[in-house]
Amino acid sequence: MSANTAATTRRYFVPKPSPYPALLSFAIMLLAIGLALRVNGYPAGQWIAWVGLASIVFALVRWLGNVIGESEGGFYHKWEDRSFRLGMIWFIISEVVLFATLFGVLFYERNVSVPWLASLDTHFTPWPHFADAWPTAGPLGKSFATVNPWRIPALNTLLLLSSGATVTRAHHWLKHDRRGALIFWLAATILLGVIFLVLQANEFYEAYTELGLTLGSGVYGATFFALTGLHGFHVTVGVVMLTAILVRIVRGHFDPSHHFAFEAVSWYWHFVDVVWMLLFVFVYWL
Amino acid sequence: MSSAITDLGHHHAHDEPKGLARWLTTTNHKDIGILYMLFGLTMFLLGGVFAELIRVQLIHPANHLVTPEVYNQIITLHGLVMVFGALMPVTAGFANYLIPMMIGAPDMALPRLNNWGFWLLPPAAIVLVLPFILKLFGIGNGPVDTGWTMYAPLSVQGGLGVDFAIFAIFLLGASSLMASINIVVTIFNLRAPGMALMKMPLFVWSWLMTSFLLIAVFPALIAGSAMLLADRHFGTHFFSAAGGGDPVLWEHLFWFFGHPEVYILLFPTAGILSQILPTFARKPIFGYRAQVYSYWAIAALSVVVWAHHMFTSGMPVAGQLYFMYSTMLISVPLAILFFCWLATIWKGSLTFETPMLFALGYIVLFGIGGLTGLVLADAVADQQYHNSFFLVAHFHYALFGGPIMGVIAGVYYWLPKITGRMYSERLGKLHFWLTMIGFNITFMSQFFLGVAGMPRRIPDYALQFAPLNLVSSLGAFLLGAAQLILVYNIARAWAGYGQPATSQVWEGAHGLEFTLPSPPPHHTFDEQPVIA
Ligand code: HEM
Ligand SMILES: [Cu+2]
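Residues numbered from 1 in each chain as written. Chains lettered and ligands numbered in written order. Predicted model: local features only at pLDDT ≥ 70, side-chain atom pairs only at ≥ 80, totals over all residues. Heavy atoms only, no water.

## Looking at the overall build of chain B
On a plain count of helices and strands, chain B comes out with 17 helices and one strand. Radius of gyration (C-alpha) of chain B: 23 Å, near the 24 Å computed for a compact globule of 532 residues. Counting over 532 residues, chain B shows a buried share of 64%. Residue pairs in contact within chain B that sit at least 24 positions apart in sequence constitute 82% of those at least 6 positions apart. By element, 73% of the accessible surface of chain B is carried by carbon and sulfur atoms, the whole surface being about 17800 Å². Of note, chain B has its 20 positive side-chain charges centred 10 Å away from the centre of its 22 negative side-chain charges. (Helix = DSSP H or I, 4+ residues; strand = E, 2+ residues; numbered from the N terminus. Rg over C-alpha atoms; globule rule 2.2 N^0.38 Å. Buried < 20%, exposed > 50% of the residue type's maximum accessible area, 1.4 Å probe, protein only. Contact = heavy atoms within 4.5 Å. Areas by Shrake-Rupley, 256 points an atom, 1.4 Å probe, with all protein chains shown as cover. Lys, Arg positive; Asp, Glu negative; His and termini not counted. Charge placed at Lys NZ, Arg CZ, Asp CG, Glu CD.)

Written out as structure tokens, the structure reads:
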């Protein structure tokens, strides 16, 4: 292989040294140490965790501030933009694997571990009145019911589906440089997301207080909260990011041809949407 | 292009931070590559200390050097530190340092993210070993002691060290995912004009596959570890039959990650080998295409064979058969790699500088690792060999014989490029021979111990195993001591001693990195070359 002396003229933007990535890492370390101590009953862990969390927020805000400054300063061109797009796509792929794992766990419990336990000698059942049923009631021995999919979850499905439409609408107006309509549809998306979260929180509350569906109520409860909880966390992150984008738009950031951050967040939002559809079908309904 | 870019992107040397601040804040792929490699070397030494402690404990039966609890902590940390602390970071260091130079890129695609990916590692290492120190203050009973595979229910019941290990896994996972995303994006977006995918050096290909695998499997371990944390503290029953769960589910999650992980460790060094062999055989690489396709085949197969680690955990016969045959199938693309390596050196004008010696050692030792893997892959035979020292010997031939030998070969190969100084060839050769001899004494004896029935992960053993354990321990001391030569050779070149290296370094070396001066300037390819 030989390198021609002819060189290209295009230049890639390499940011200057930044203290925030390392700061962020050590902040995350504090959070990890704090939490590890806290779950083992050392109250001091809580304070370490809070310091870590505050430093995380600080580092992230500063770091993203730099990114926004560079973006608005015109340092990113087509070439850099393509890196960001590819990066976001591969990040979402890794998130797909994360959720796929939990769906795999759901499948395993339903089709392997519970039926196998049921196939054992009846003297060895894990708890009294254990039956090969899904959703399984678990060992708590209290009354147990699952969330009715056709009430709040169905409504939540509608909410998230429409939020996917509204964010697409917002993108449309961004491309046509109609700020008013853009702000309206983006704000509508955020509002739908917030209502979803409130309903979801309410559902968790009812699950605990009325249904007897808890983290401890056997594998169905555990997986139910793992999947819906992780999803809810993603919605929360999505709402925060959409809000940040909204603030930037109000401040006059982005233009019709240059708005990767907006698109990245909307990809993320659509991803979270699709995950919810799968949740609705496999966790709530079937 | 606008001059603004030049101002921010090519800031002048005088506003670069100095000293520690430089390393903490750097966005330069060479700096970050060096950080990764030095971190990996440090962890290699730490993991080595644990290894020597294990062998001191096992030097004779009824030894009371450490308590059984501490012994378990040492073997667990040895495994975790070597895999996640030494091998993965060191190969990521090679990737960071070399890939941009090999494909004619100005830097990595996402330089700040790159820095973050590295700096998550020291915190992860601290979190992992912190319980050693906490114990001194009466907090907890030391670090994780479950074995690196962290099987439930032991890991559900273990002490606080398990929680620290879980959090360390979260940090390591974030770091690996970030590094992988960065590498994929760099390869897809930053290649110089004319650098088609099928023209890329095989090392670059090997890291592309490694990154794909990391993105495809590390999230599964993260999810599994989070579930383990929940089982330990939040009342869930994912891994406990008492609530309808299953401890074997952990094994599935762990090995869905864990088996591809062995190829994650292997791939980059297979790539290194394919850079080194043509250089010292003075022949072009044989079967470039075949090797790329083998990479794809290995990567694809590696995610569907995981339960060969679970033949004794209880599985329907159909499952045993499937995992047995699919595992054996992987040896086909692996054998193609071996064939290409041998064909590359076949009838070449060989010289035996240290990198070449380690590369040849790799082929021999890793060959033994692969063949004994086939023995273990036999679901019936594995009932006997599983969790015996035969298994321990297999994966040390596979992991030290392959990846570690490959990394050492790579270090000797590119050290002159990185430091601008040649290492001592005499000491390099000595290092190689002592390593070869020490390694085979240490681990060949363990095959026999395993066949004779000695189980792994025990601090004491029956008298009949005493002679071979003594042999193995003596070999391990030699092997450990030999690695100090490597440290010396690196330090010597680093400090600026030794012959100055030319740009090409090796007579037969090809590739863009060898067109640059040794050491290369801080920023290379601000203007991309056009590849003919
Ligand atoms: C043709 C190639 C290979 C085959 C057929 C193979 C097969 C196997 C099998 C069946 C086991 C499980 C044995 C048991 O638990 O009883 C095993 C364990 C292992 N193998 Fe391999 N292997 C191969 C190559 C490799 C490579 C390339 C590496 C690493 C670079 C590797 C690293 C390991 C490790 C670390 C373990 C043990 C993990 C543990 O239990 O702690 N193997 N191998
Ligand atoms: Cu395996």
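## Quick notes on the coordination of the copper ion (ligand 2)
Residues and elements named next belong to chain B. His259 (ND1), His308 (NE2) and His309 (NE2) make up the full set of protein donors to the copper ion (ligand 2), lying at 1.9 to 2.0 Å. Considered as a linear motif, the donors of the copper ion (ligand 2) on their single chain read H-x48-H-H. Separation of the copper ion (ligand 2) from the iron atom of ligand 1 amounts to 4.7 Å. Pair noted here: His259 is in helix 10 (residues 247-281) and His309 is in the loop between helix 11 (288-302) and helix 12 (317-345), with a separation of 50 residues, a long-range link. Note on accessibility: His259 and His309 belong to one class, buried. (Donors = N, O, S within 2.8 Å, 3.2 Å for Na, K, Ca; no water.)

## Quick notes on the domain arrangement of chain A
Residue and element names in this part refer to chain A. Taken domain by domain, chain A consists of domain 1 (1-76) and domain 2 (77-285). Summarising the inter-unit geometry, the C-alpha centres of domain 1 and domain 2 are found 26 Å apart. Tallying the contact residues gives ten residues for domain 1 and nine residues for domain 2. In total, about 1000 Å² of surface goes out of reach between domain 1 and domain 2, with carbon and sulfur atoms giving 58% of it. Of all residues in domain 1, Tyr12, Glu72 and Tyr76 give up the largest surface area on contact with domain 2, accounting jointly for 58% of the area buried on that side. The interface formed by domain 1 and domain 2 includes one salt bridge. Arg248 is paired through a salt bridge with Glu72; the nearest N and O atoms lie 3.5 Å apart. In this structure, the connection of domain 1 to domain 2 is made through four residue pairs in polar contact (both at pLDDT 80 or more). A class-by-class count of the residues in the side of domain 1 that touches domain 2 yields five nonpolar, two polar and three charged. (Domains from an automatic or database assignment. Buried area = accessible area lost by both parts, 1.4 Å probe. Salt bridge = Lys/Arg side-chain N within 4 Å of Asp/Glu carboxyl O. Polar contact = N/O pair within 3.5 Å; in protein donor to acceptor, adjacent residues only side chain to side chain. Nonpolar A, V, L, I, M, F, W, Y, C, P; charged D, E, K, R; others polar.)

## Comments concerning the coordination of the iron atom of ligand 1
A lone protein donor binds the iron atom of ligand 1: His394 of chain B (NE2), at 2.1 Å. Mapping His394 of chain B onto the fold places it in helix 15 (residues 389-419).

## Brief notes about the site of ligand 1
Residues and elements named next belong to chain B. Surveying the vicinity of ligand 1 reveals 22 residues, the closest of which are Trp148, Asp382, His386, His394 and Arg456. His394 places a polar side-chain atom, nitrogen or oxygen, 2.9 Å from a nitrogen atom of ligand 1. Arg456 is positioned with one of its side-chain polar atoms (N or O) 2.9 Å from an oxygen atom of ligand 1. For the shell around ligand 1, the elements supplying multiple residues, two or more each, are helix 10, helix 12, helix 13 (354-377) and helix 15. The element that contributes the greatest number of residues to the shell around ligand 1 is helix 13, accounting for six residues. (Near = heavy atom within 4 Å.)

## Here's the deal with the confidence of the model for chain B
Taken over all residues, the pLDDT of chain B has a mean of 95, while the share at 70 or more is 97%. A low-confidence stretch, residues 1-13 of chain B (pLDDT under 50), is modelled with 22 contacts involving residues beyond four sequence positions or located in other chains. (pLDDT = per-residue confidence, 0-100.)

## A closer look at the interface of chain A and chain B
Of the residues lining the interface, 71 residues belong to chain A; the matching set on chain B comes to 81 residues. Our count for the chain A to chain B interface comes out at two salt bridges. Among the ionic pairs, Glu70 of chain A bridges to Arg112 of chain B, the shortest N-O distance being 2.8 Å. Remark: the boundary between chain A and chain B carries 14 residue pairs in polar contact (both at pLDDT 80 or more). For the side of chain A that touches chain B, the secondary-structure elements that each account for two or more residues are strand 1 (3-7), helix 1 (20-39), helix 2 (44-72), helix 3 (78-118) and helix 6 (218-250) of chain A. The element best represented in the side of chain A that touches chain B is helix 3 of chain A, accounting for 21 residues. Looking at side-chain class alone, the side of chain A that touches chain B contains 48 nonpolar, 17 polar and six charged residues.

## Some points on the packing of helix 5 (residues 111-119) of chain B against helix 6 (residues 121-136) of chain B
Residue and element names in this part refer to chain B. Contact geometry for helix 5 and helix 6: axes closest at 4 Å, N-to-C directions at 15°. By the angle class used here, helix 5 and helix 6 are roughly parallel. In contact with Gly117, Phe118 and Trp119 of helix 5, helix 6 contributes Leu121, Pro122 and Pro123. When grouped by side-chain class, the residues that make up the contact of helix 5 with helix 6 number five nonpolar, one polar and no charged. (Axes fitted to C-alpha atoms, helices over the stretch in contact; angles between N-to-C directions. Parallel < 35°, antiparallel > 145°, perpendicular 65-115°, else oblique.)

## Observations concerning a nonpolar patch on the surface
Residues and elements named next belong to chain B. Taken together, the side chains of Trp433, Ile437, Ile441, Met444, Phe448, Leu468 and Val471 present a nonpolar region at the surface, about 610 Å² in accessible area. Among the secondary structure elements, those contributing two or more residues to the nonpolar patch are helix 16 (425-452) and helix 17 (466-494). Of all the elements, helix 16 adds the most residues to the nonpolar patch, at five residues. Here Phe448 shows up in helix 16. Note on Phe448: relative accessible area 53%, which makes it exposed. (Patch = residues over 30% accessible without salt bridge, like charges linked within 9 Å, V, L, I, M, F, W, Y side chains within 5 Å.)

## Thoughts on the packing of helix 4 (residues 68-102) of chain B against helix 10 of chain B
All names here are of chain B. Remark: helix 4 packs on helix 10, axes separated minimally by 11 Å, with the N-to-C direction vectors making an angle of 45°. The pairing of helix 4 with helix 10 is recorded here as oblique in orientation. Judged by the sense of rotation from one axis to the other, the crossing of helix 4 with helix 10 is left-handed. Taken together, the residues of helix 10 that come into contact with helix 4 (itself represented by Val83, Phe84, Leu87, Met88, Thr91, Phe94 and Met102) are Phe257, Glu261, Ile264, Leu265, Pro268, Thr269, Ile272 and Gln275. The residue inventory of the contact of helix 4 with helix 10, partitioned by class, reads eleven nonpolar, three polar and one charged. (Left-handed = near helix turned anticlockwise from the far one by under 90°.)

## Description of the confidence of the model for chain A
Within chain A, residue pLDDT values average 92, and 97% of them lie at 70 or more. The secondary-structure element of chain A with the lowest mean pLDDT is strand 1 of chain A, recorded at 53, while helix 1 of chain A shows the highest, at 97.

## Some details on the pattern of salt bridges
Inspection of the entire model under this criterion finds ten salt bridges over all chains. Note that Glu527 of chain B and Arg11 of chain A form a salt bridge whose closest N and O atoms lie 2.7 Å from each other. Pair noted here: Glu527 of chain B is in the loop between helix 17 and strand 1 (529-531) and Arg11 of chain A is in the loop between strand 1 and helix 1, and the two residues belong to different chains. The exposure class assigned to Arg11 of chain A is buried, which follows from its relative accessible area of 18%. Between Glu507 of chain B and Arg282 of chain B there is a salt bridge, with its nearest N and O atoms 2.4 Å apart. Of this pair, Glu507 of chain B sits in the loop between helix 17 and strand 1 while Arg282 of chain B sits in the loop between helix 10 and helix 11; the two residues are 225 residues apart in sequence, bridging distant segments of the chain. Overlapping salt bridges bring together Asp81, Arg85 and Glu263 of chain A as one network.

## Re the side chain of Thr279 of chain B
Within the secondary structure, Thr279 of chain B sits in helix 10. Under the relative-accessibility criterion, Thr279 of chain B is labelled buried at 3%.

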